[in-house]
Amino acid sequence: MKYTLPLRLCSTIAISLSISFSAYAETKQPATTPNGIEMPKNYQNWQFIGVAHRTDNHSLRGILGNSIAVKAARSGNINPWPEGAILAKLVWKDRQHPLWEAATVPGDVQHFEFMIKDSKKYLSTQGWGYARWVGKELKPYGDNANFAQECAGCHAKAEKTDYVFTRPAEMP
């Protein structure tokens, strides 16, 4: 037997979640990172680019992009990514779905990360500006601006893909 919720109830749930998240985001603009990057406003309205599941640290990642990044991802023009592209990686600890053991779902917020493509401004980090906010409090990561070198060091492994690990999901 297939069970479906009435359309009106589904709409009400979706609107409630949207209002809750938007209200949180509007009242909770986090501090600027040590390298001067502010969390992009309205990132939660950006479009989906891909997902990742890291088994080494048990996390789920939703990757969103601004309009420049989404256009590049959809057209396959991501090597290199265009100037002005911004990628958002929203990271949660993974957990088992309480009603379906085979499903892995988001748990607690781990951190939110952003990569900003500006080859001139971020020359010392291969053309990408890096920013990270940790936990539900969205506390800026890093003691000083040099934390971005840590990010660039890890992303050096992805040199052949313009220092980006994200693989856009195929969209039929």
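A few points on the structure. Note that the structure is a prediction, hence the values are computed from the model and not measured. (Residues numbered from 1 in each chain as written. Predicted model: local features only at pLDDT ≥ 70, side-chain atom pairs only at ≥ 80, totals over all residues. Heavy atoms only, no water.)

Quick look at the nonpolar core
In terms of nonpolar packing, the biggest core is built from 19 residues, with Ile49, Trp81, Leu87, Trp128 and Tyr130 touching the most fellow members. Listed by contribution, the elements that provide at least two residues to this core are helix H2 (67–75), strand S5 (128–134) and helix H3 (147–155). Discounting residues that sit within four places of it in the chain, Leu87 has contacts with Ile49, Leu64, Ala69, Trp81, Glu113, Phe114, Met115, Trp128 and Val164. Among the nonpolar cores identified, the runner-up in size contains 15 residues, and Trp46, Leu90, Ile116 and Ala131 belong to it. (Core = buried A, V, L, I, M, F, W, Y, C linked by side-chain atoms within 4.5 Å. Buried < 20%, exposed > 50% of the residue type's maximum accessible area, 1.4 Å probe, protein only. Helix = DSSP H or I, 4+ residues; strand = E, 2+ residues; numbered from the N terminus. Contact = heavy atoms within 4.5 Å.)

Points about the sheet that holds strand S6 (residues 139–140)
An order of S1-S2-S3-S4-S5-S6 is seen for the 6 strands of this open sheet, with the pairing classed as antiparallel. Across the chains shown, the open sheet's two edge strands, defined by having one partner strand only, are strand S1 (47–54) and S6. Where H2 meets the sheet, its contacts fall on S1, strand S2 (59–65) and strand S3 (86–97), and the angle it forms with S1 comes to roughly 75 degrees. Against the sheet, H3 touches strand S4 (100–117) and S5, its axis set at about 110 degrees to S5. (Pairing = 2+ DSSP bridges. Axes fitted to C-alpha atoms, helices over the stretch in contact; angles between N-to-C directions.)

Structural notes on H2
Among all positions of H2, only Ala69, Val70, Ala72 and Ala73 are buried. Here the buried residues of H2 occupy an arc of 165 degrees about the axis, which is enough to place them on one side. Relative to its buried face, H2 has exposed residues pointing more than 90 degrees away, namely Ser67 and Lys71. Among the structural elements, S1, S2 and S3 are those in contact with the buried residues of H2. (Arc of directions from axis to C-beta.)

Let's talk about unusual backbone geometry
In the segment running from Asn79 into Pro80, the intervening peptide bond is cis, with an omega of 10 degrees. Here Pro80 shows up in the loop between H2 and S3. In this structure, Asn42 is a non-glycine residue whose phi angle is positive, near 65 degrees. Tracing the backbone shows Asn42 in the loop between helix H1 (7–27) and S1. Owing to a relative accessible area of 49%, Asn42 belongs among the partly exposed residues under this scheme. Even without glycine at this site, Gln126 takes up a positive phi of about 55 degrees. Along the chain, Gln126 falls in the loop between S4 and S5.

Here we look at the pattern of salt bridges
Applying the stated criterion to the full structure yields 4 salt bridges. Asp56 is the partner of Arg54 in a salt bridge, and the nearest nitrogen-oxygen pair spans 2.6 Å. Accessibility expressed as a relative area gives 34% for Arg54, which makes it partly exposed. For Arg132, the salt bridge goes to Glu113, with nearest N and O atoms at 2.5 Å. With a gap of 19 residues between them, Arg132 in strand S5 and Glu113 in strand S4 connect regions that are remote in the sequence. The class for Glu113 is buried, based on a relative accessible area of 14%. Salt bridges linked by common partners bring Lys89, Glu113 and Arg132 together as one network. (Salt bridge = Lys/Arg side-chain N within 4 Å of Asp/Glu carboxyl O.)

Remarks on the state of the cysteines
By the definition in use, this model includes 0 disulfides. The closest cysteine sulfur to the non-disulfide-bonded Cys151 is located on Cys154, 8.1 Å from its own sulfur. A residue is classified by how much of its surface remains accessible, and Cys151, at 15% relative accessible area, is buried. Residue classification places Cys154 among the partly exposed positions, given a relative accessible area of 36%. (Disulfide = S-S within 2.5 Å.)

So far we have only geometry, and geometry alone does not tell us how the molecule works.
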